[in-house]
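Here is what each chain is made of, one letter per residue.
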Amino acid sequence: MRFTFKNKRYDKNKQYYLVVYDDATGIEASHHSFIMDLAFADDFNF
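Residues numbered from 1 in each chain as written. Predicted model: local features only at pLDDT ≥ 70, side-chain atom pairs only at ≥ 80, totals over all residues. Heavy atoms only, no water.

Per the secondary structure count, the chain includes 0 helices and 2 strands. Taken across its 46 residues, the chain has 4% of its residues classed as buried. Across the chain, the fraction of contacts at a sequence separation of at least 24, relative to all contacts at a separation of at least 6, is 26%. (Helix = DSSP H or I, 4+ residues; strand = E, 2+ residues; numbered from the N terminus. Buried < 20%, exposed > 50% of the residue type's maximum accessible area, 1.4 Å probe, protein only. Contact = heavy atoms within 4.5 Å.)

Below is the structure:
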C-alpha cells in the first residue's frame, strides 16, 4: 500500500484515524488511530 499525506502541519498531540471501507458494501472494515510525528514537513516537498 502507498499513502500520500497532505502537505500541511500535523499536531503530534492529536489523534488521527485511518479508516478502511469495503468497496462492495461501503461498510467500515477497519479503524486505526495513530499520531502524526513527521520529521520534515512543508519545506522539502514530502
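Continuing now.
This paragraph deals with the packing of aromatic side chains. All chains considered together, the criterion is met by 1 aromatic pair. Their ring planes at 80° and their centres at 5.4 Å tell us that Tyr10 and Tyr16 sit as a pair that is edge-to-face. (Phe/Tyr/Trp six-rings, centres within 6.5 Å; stacked < 30°, edge-to-face > 60°.)

Here Lys12 shows up in the segment before strand 1 (16–21). Ignoring any residue separated from it by four or fewer positions in sequence, one finds Lys12 in contact with Ile35, Met36 and Asp37.

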